[in-house]
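# Residue-level structure breakdown
Here is how the chains run, residue by residue.
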Amino acid sequence: MKHETAFASELTWPDYHAAVHNGGTPILIPLGSMEQHGHHMPLHVDVLLPTEFARRVAPQIGALVAPALTYGYKSHQKSGGGNHLPGTTSLDGATLVSALRDVVKEFARHGVRKICMVNGHFENSWFIIEGIDLALRELRWDGITDLKVVVLSYWDFVHKEAIAQLYPGGFPGWDVEHGGVLETSLMLALYPQHVHLDRAMDHPAATFPPYDVYPVKAEWTPCSGTLSSPKDASAEKGQILLEVCTKGIVDALRTEFA
Ligand code: ZN
Ligand code: MN
């Protein structure tokens, strides 16, 4: 089904109802966070990026994009710098799980039977799964057994060939990519007005001991707030990432929602 907009919330209720009531239209839910992303990028990077991937994917598979979840689970020191940093504004795990459970059940009530969680914040991962699990369990009690939910994080679609192209000097790993080449390149391609590369701090990828300490030891996090340097980011790399990940997500959802 073709829709006049990718965004479900821009439709009137009769148009929305017509699109979703028979279960044919998938709903894509972007999941992000409000989290510091270094000195060079704003706090809503993890919301902007999955929302844009969802917006690009939606028309290719006849889906609609739901409003993003703009708060996420607490930033972990080894993947987001840590929840102690200024600007980072997070939900307790139980709050995030409850919010996701409620939203999934509401879409199911409307008739939606295909949902994709498009994640942009690593720390959300297990809470997304818990929210889905609780929603599916409660929907089963109501006799609804045909809802399918796909969970993905966009960076998992960057294949080996693209990694070699994007990180000629060696790939530091997704865990320390926070505010680094991946996110900064995507932001440069999409929202250059929100990127201040002149204020970016260049430093080696963060290294951590193989354990965690709470309260966190703030000195473990580079003072930039990023976990690797964005120095090698570029809009051209962002374009490659946009194409590779959008295609990967479209292919996955065509398979799962066929
Ligand atoms: Zn991020
Ligand atoms: Mn994040």
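All of these numbers come straight from a predicted model, not from anything done at the bench.

Within the protein, the atoms that donate to the zinc ion (ligand 1) are H37 (NE2), D46 (OD) and E183 (OE), at distances of 1.8 to 2.1 Å. Along the chain, the residues donating to the zinc ion (ligand 1) are arranged with the sequence spacing H-x8-D-x136-E. The metal-metal distance between the zinc ion (ligand 1) and the manganese ion (ligand 2) is 3.3 Å, with D46 coordinating both. Of this pair, H37 sits in the loop between β1 (27-31) and α2 (45-61) while E183 sits in helix α7 (residues 181-190), and the two are 146 residues apart along the sequence. Note on H37: relative accessible area 0%, which makes it buried.

The next thing to look at is the coordination of the manganese ion (ligand 2). The manganese ion (ligand 2) binds to the protein through E35 (OE), D46 (OD) and H121 (ND1), with metal-donor distances spanning 1.9 to 2.3 Å. Read from N- to C-terminus, the donor residues coordinating the manganese ion (ligand 2) fall into the pattern E-x10-D-x74-H. The class for H121 is buried, based on a relative accessible area of 1%.

Structurally, W141 can be placed in helix α5 (residues 125-141). Judged by its relative accessible area of 64%, W141 falls in the exposed class. On a C-alpha basis, the gap between W141 and V103 in space is 17 Å, while along the polypeptide they are 38 residues apart.

With that settled, the discussion passes to a nonpolar patch on the surface. There is a patch of nonpolar side chains on the surface, built from W126, I129 and V151 and spanning about 340 Å² of accessible area. With respect to the helices and strands, V151 occurs in strand β4 (residues 148-153). Given the relative accessible area of 39%, V151 is considered partly exposed.

This part covers the confidence of the model for the protein chain. For the protein chain, per-residue confidence averages 97 on the pLDDT scale, and residues scoring 70 or more make up 100% of the total. Of all helices and strands in the protein chain, the one with the weakest mean pLDDT is helix α6 (residues 160-166) (95), whereas β1 scores best (99).

Here we come to the packing of aromatic side chains. Under the definition given, this model contains seven aromatic pairs. A centroid spacing of 5.2 Å and a plane angle of 75° characterise the contact between Y154 and W155, whose relative ring orientation is edge-to-face. Taking the relative accessible area as the measure of exposure, Y154 reaches 0% and is therefore buried. Geometrically, the ring pair formed by F171 and W174 is edge-to-face, given 4.6 Å between the ring centres and 75° between the ring planes.

A regular strand places its side chains on the two faces of the sheet in alternate fashion. Here six bridges tie strand β3 (residues 114-119) to β4, and the two strands are oriented parallel to one another. Counted as the bridge partner of K114 is K148 from β4. For the crossover that starts at β3, traverses α5 and ends in the parallel β4, the hand is right-handed.

What counts and what doesn't
- Residues numbered from 1 in each chain as written.
- Chains lettered and ligands numbered in written order.
- Predicted model: local features only at pLDDT ≥ 70, side-chain atom pairs only at ≥ 80, totals over all residues.
- Heavy atoms only, no water.
- Donors = N, O, S within 2.8 Å, 3.2 Å for Na, K, Ca; no water.
- Helix = DSSP H or I, 4+ residues; strand = E, 2+ residues; numbered from the N terminus.
- Buried < 20%, exposed > 50% of the residue type's maximum accessible area, 1.4 Å probe, protein only.
- Patch = residues over 30% accessible without salt bridge, like charges linked within 9 Å, V, L, I, M, F, W, Y side chains within 5 Å.
- Areas by Shrake-Rupley, 256 points an atom, 1.4 Å probe, with all protein chains shown as cover.
- Salt bridge = Lys/Arg side-chain N within 4 Å of Asp/Glu carboxyl O.
- pLDDT = per-residue confidence, 0-100.
- Phe/Tyr/Trp six-rings, centres within 6.5 Å; stacked < 30°, edge-to-face > 60°.
- Pairing = 2+ DSSP bridges.
- Right-handed = clockwise from strand over helix to strand, strands pointing away.

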